[in-house]
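If you want the building blocks of each chain, they are given just below.
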2 protein chains.
Amino acid sequence: MMFKIPMKISDYLQIWNKLSAAEQHLLEDSAVLHTVKAGENVHDGTKECTGLLLVCDGQLRAFILSDEGREITLYRLLERDICLFSASCIITSIQFDITVTAEKDTSFWLIPTEIYKNLMSESVIISNYTNEIMAMRMSDVMWLMEQVMWKSFDKRLAGFLLEESALNDSEKLSITHETIANHLGTAREVVTRMLKYFQSEGLVTLSRGSIEIINKNMLNQLSDS
Amino acid sequence: MMFKIPMKISDYLQIWNKLSAAEQHLLEDSAVLHTVKAGENVHDGTKECTGLLLVCDGQLRAFILSDEGREITLYRLLERDICLFSASCIITSIQFDITVTAEKDTSFWLIPTEIYKNLMSESVIISNYTNEIMAMRMSDVMWLMEQVMWKSFDKRLAGFLLEESALNDSEKLSITHETIANHLGTAREVVTRMLKYFQSEGLVTLSRGSIEIINKNMLNQLSDS
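Let me sum up the structure you'll find in this document. Bear in mind the structure is a predicted one, so any value in this text is a computation, not a measurement.

So, about empty space enclosed by the protein. All names here are of chain A. Inspection of the entire model under this criterion finds 1 cavity of 30 Å³ or more. Put simply, the largest cavity is a space of about 50 Å³. Every residue lining the largest cavity is listed: Leu13, Ile15, Leu27, Ile111, Tyr116, Leu119, Ile126 and Tyr129. Split into classes, the residues belonging to the lining of the largest cavity amount to 8 nonpolar, no polar and no charged.

In C-alpha cells, the structure reads:
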C-alpha cells in the first residue's frame, strides 16, 4: 500500500510564515482541498462568490465570456497561484465576472470568502498580499489588452503556441483550432487560416487534433517582432 | 479682492475620517497641490513613480501608448478620484505603464510615493482602500477589454460621444477625429468614416473641429444594442 503524503496549505500559501498562529489555524481549519478533472468547471462567472482558489497541482484557466458565447483567456493559474476573482464579493469594487475551468487534472484549496474577507479586514499582511495578487492579474490583463490592441494575429498565435509548448513541455500540442480560438478571442476559421499559413512557411505541421512545432526559432522571432 | 477658500485634502480623500490623527497630519504635510492646464502631461509612463494623484477639480485621462505611438484611453479621473498607477512602484507586481494628461484645467494633490507606501504597509484601512481603488481601475480595464473584443466600432463610438457629451454637459463636442481615434485605440480614418455614416443617418452634424449630437435617443439605442 502506498503512503500518501498529506498536502498542507502551509506549503502553498506564499505569506504563510508572516501570519499569526490564529490566522494559520483559521485557514487550516476552513480551507478544503478539492480535486477536479481536466475540462471541469471550477467557477462560473454568474455566481458571485465561489471562494478563493489556491492551486496545489495542475492548471486552471481564467477567461471571460461574451453574450454570444465567445471566449478569451485572461490568465492561467499554476501551482501556488491564487485566484481572487472567483471570490469577487470580497472587494466591492470588482465589477466583472470571470469563469474558471481546469485545463489539466487539478487540486486546489478553496478558501471560504467570509474567512478571507475577515482576515483581510484585520491583517495588513493579508490585505497587502491581496494588493499584490490583484496587481499581478491586472498586469496580465493589461498585457493582454496591449496584445489585442497593437499586435497582429500571426504574432499572437505564434506566442500562444510557444506558451502552450512550454506549459506542456512538448513540441506536439493536442489542441483543436476551436480551443485556440477561445483562448485568443477569435473565430475558428481565423485560427485555421493562420495555422495553414504557418505550415506553408515551415513553422508547424498540422494533423488531426494536433499541431507540431517544427521551427521554434522562427516562431520565437515572429512572436517577438 | 476675492477671498480664496483654501482647498483641503481632508475634503477630498474618501477615507479621511477613518485615519488616525498622525496619518492625517502626515498626509496634510506631505501632499502638494498642483495645477495644470488642459493638454499638459501629468505622468509619463516611462517614469516609474510620479506619486499618487488625488483630483481636486478638473479632468485627467489615463491611457496606454503603443511603440508606434497609438493610444487608447483606460479611464478618466474626476473630482475625488485617485490615481494609483502614477505611483506604480508602491506595488511590486504592477508591471505596466500608463500615461496621464489633463483634459481640462485640473488641480490635484500629489501624494509622495514613499509616504503612501509606508502608510499602506502599516494601516489596514489604507491597504484595503488601495485594494478598492485597484479593483475599480481593473473593472474599468475589464469593461474596456470586453468592448474592444466583442463590441463593433459603431457602438463604441456612439457610447464615446454620449460619454463626452455627459462629461462636458453639452450636445456640441469640440473634439477632433484624431483625438477620438486616440481615445478608442483606432485610426483617424476609421473615426471619420463612421462619423460620416452617423451624419448620413441623422445622428450627428459634423463641422470643422466639432460634432453636434442631434439624435441622442438613437445614439443611446445604438450604444446599448
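There's plenty left to go through after this.
What follows concerns the packing of helix α4 (residues 153–168) of chain A against helix α5 (residues 177–184) of chain A. Residue and element names in this part refer to chain A. Contact geometry of α4 with α5 gives a least axis separation of 11 Å together with a crossing angle of 110°. Classified by the angle between their axes, α4 and α5 sit roughly perpendicular to one another. Listed contacts from α5 to Phe153, Arg156, Leu157, Phe160 and Leu161 of α4 are Ile180, His183 and Leu184. In terms of residue class, the contact of α4 with α5 is made up of 6 nonpolar, 1 polar and 1 charged.

The partner chain B presents 41 residues to the 40 residues of chain A that form the contact. Summed over both sides, the interface between chain A and chain B buries roughly 3500 Å², with carbon and sulfur atoms accounting for 71% of that surface. If you sort the residues of chain A by the area they bury against chain B, Met138, Met145 and Trp150 of chain A come out on top, with a joint share of 21%. For the pair chain A and chain B, the number of links is 0 salt bridges. If you list the elements that add at least two residues to the side of chain A that touches chain B, you get β4 (60–65), β5 (71–77), α2 (113–122) and α3 (124–150) of chain A. Of all the elements, α3 of chain A adds the most residues to the side of chain A that touches chain B, at 20 residues. Its residues placed into classes, the side of chain A that touches chain B shows 22 nonpolar, 12 polar and 6 charged.

The subject of this paragraph is the relation of the copies chain A and chain B. Each copy superposes on the other: chain A lies on chain B with an RMSD of 0.0 Å after a rotation of 180° and an axial shift of 0.0 Å. This pairing of chains is accounted for by a two-fold axis. When C-alpha distances to the rotation axis are compared across chain A, the minimum falls at Val124 of chain A, with a value of 2.3 Å. Of the interface residues in chain A, 100% have counterparts in chain B that sit at the interface too, so the contact is made through matching surfaces.

Cysteine pairs can be covalently joined through their sulfur atoms, and such a bond is termed a disulfide. Across all of its chains, the model carries 2 disulfides over all chains by this definition. Put simply, Cys49 of chain A and Cys89 of chain A are joined by a disulfide, and their sulfur atoms are 1.7 Å apart. Taking the sign of the torsion about the S-S bond as the criterion, the disulfide between Cys49 of chain A and Cys89 of chain A, at about -135°, is left-handed. Pair noted here: Cys49 of chain A is in the loop between β2 (41–43) and β3 (52–57) and Cys89 of chain A is in the loop between β6 (82–83) and β7 (99–102), with a separation of 40 residues, a long-range link. On the basis of relative accessibility, which here comes to 28%, the residue Cys49 of chain A falls in the partly exposed class. No disulfide involves Cys56 of chain B; its nearest neighbouring cysteine sulfur is the one of Cys83 of chain B, lying 16 Å away.

It is worth spelling out the sheet that holds strand β10 (residues 204–207) of chain A at this point. All names here are of chain A. Pairing within the open sheet is antiparallel, and its 3 strands lie in the order β9-β11-β10. Every other strand in the sheet has two partners, leaving β9 (172–173) and β10 as the edge strands with one partner each. The pairing of β10 with strand β11 (residues 210–213) spans 4 bridges and is antiparallel. Residue pairing in the sheet places Leu206 in a bridge with Ile211 of β11.

Judged by nonpolar contacts, the single largest core of 109 residues is most densely connected at Ile98 of chain A together with Ile98 of chain B. Among residues more than four places away in sequence, those in contact with Ile98 of chain A are His43, Asp44, Gly45, Ala62, Phe63, Ile64, Leu74, Tyr75, Cys83, Phe85 and Ser86 of chain A. If you look at the next biggest cluster of nonpolar residues, it comprises 21 residues, including Leu157, Leu173, Ala181 and Met194 of chain A.

For the rest of this paragraph, the subject is the pairing of β4 of chain A. All names here are of chain A. Burial analysis of β4 places 5 of its 6 residues in the buried class, the great majority of the element. Relative to β5, β4 runs antiparallel, the two sharing 6 bridges. From the neighbouring strand, Arg61 faces β5, where its bridge partner is Arg76. Where β4 folds back onto β5 in an antiparallel hairpin, the turn is made up of 5 residues, including Gly69, whose phi is positive at roughly 90°. Of the strand pairs in this sheet, β4 and β7 are connected by 4 bridges, and their pairing is antiparallel. Residue Leu60 lies in a different strand from β7, and its bridge partner there is Ala102.

Definitions and limits used
- Per chain, residues are indexed from 1 in the order of the written sequence.
- All chains are assigned letters beginning with A, and all ligands numbers beginning with 1, in the order in which they are written.
- Totals for whole chains, interfaces and linings use every residue, but because this is a predicted model, local features are given only for residues with pLDDT of at least 70 and side-chain atom pairs only at 80 or more, for both listing and counting.
- Excluding hydrogens and water, the side-chain figures rest on all heavy atoms present in the structure.
- Only protein atoms enter the calculation, which uses a 1 Å grid: trapped sets of points that fit a 1.4 Å probe without letting it out are cavities, open sets showing protein on both sides within 12 Å along at least five of seven lines are pockets, and any residue with an atom within 4 Å of a point is a lining residue.
- Grid points are joined across faces, edges and corners, and a volume is the space filled by probe spheres set on the points.
- Here the nonpolar group is Ala, Val, Leu, Ile, Met, Phe, Trp, Tyr, Cys and Pro; Asp, Glu, Lys and Arg are the charged ones; every other residue, Gly included, is treated as polar.
- Axis angles are defined between N-to-C directions and span 0 to 180 degrees, where every axis is a line fitted to C-alpha atoms and, for a helix, only to the segment in contact.
- Under the scheme used here, helices are H or I runs from DSSP no shorter than 4 residues and strands are E runs no shorter than 2 residues, and both carry numbers assigned from the N terminus.
- Angle categories are assigned with fixed cut-offs, so that under 35 degrees is roughly parallel, over 145 is roughly antiparallel, 65 to 115 is roughly perpendicular, and the rest are oblique.
- Note on definitions: a residue-residue contact is assigned when non-hydrogen atoms from the two residues lie within 4.5 Å.
- As a working definition, buried area equals the accessible area (1.4 Å probe) given up by two parts on being put together, with both sides summed.
- For this analysis, a salt bridge means a side-chain nitrogen from Lys or Arg found within 4 Å of a carboxyl oxygen belonging to Asp or Glu.
- Residues reaching a pLDDT of at least 70 in both copies supply the C-alpha atoms on which the copies are superposed by least squares.
- In what follows, a disulfide is any cysteine sulfur pair within 2.5 Å.
- Exposed residues in this analysis have more than 50% of their type's maximum accessible area, buried residues have under 20%, and partly exposed residues fall in between, with area computed by a 1.4 Å probe over protein chains only.
- Strands were regarded as paired on the criterion that DSSP finds at least two bridges between them.
- The criterion is simple. A nonpolar core is a set of buried Ala, Val, Leu, Ile, Met, Phe, Trp, Tyr and Cys residues joined through side-chain atoms within 4.5 Å.

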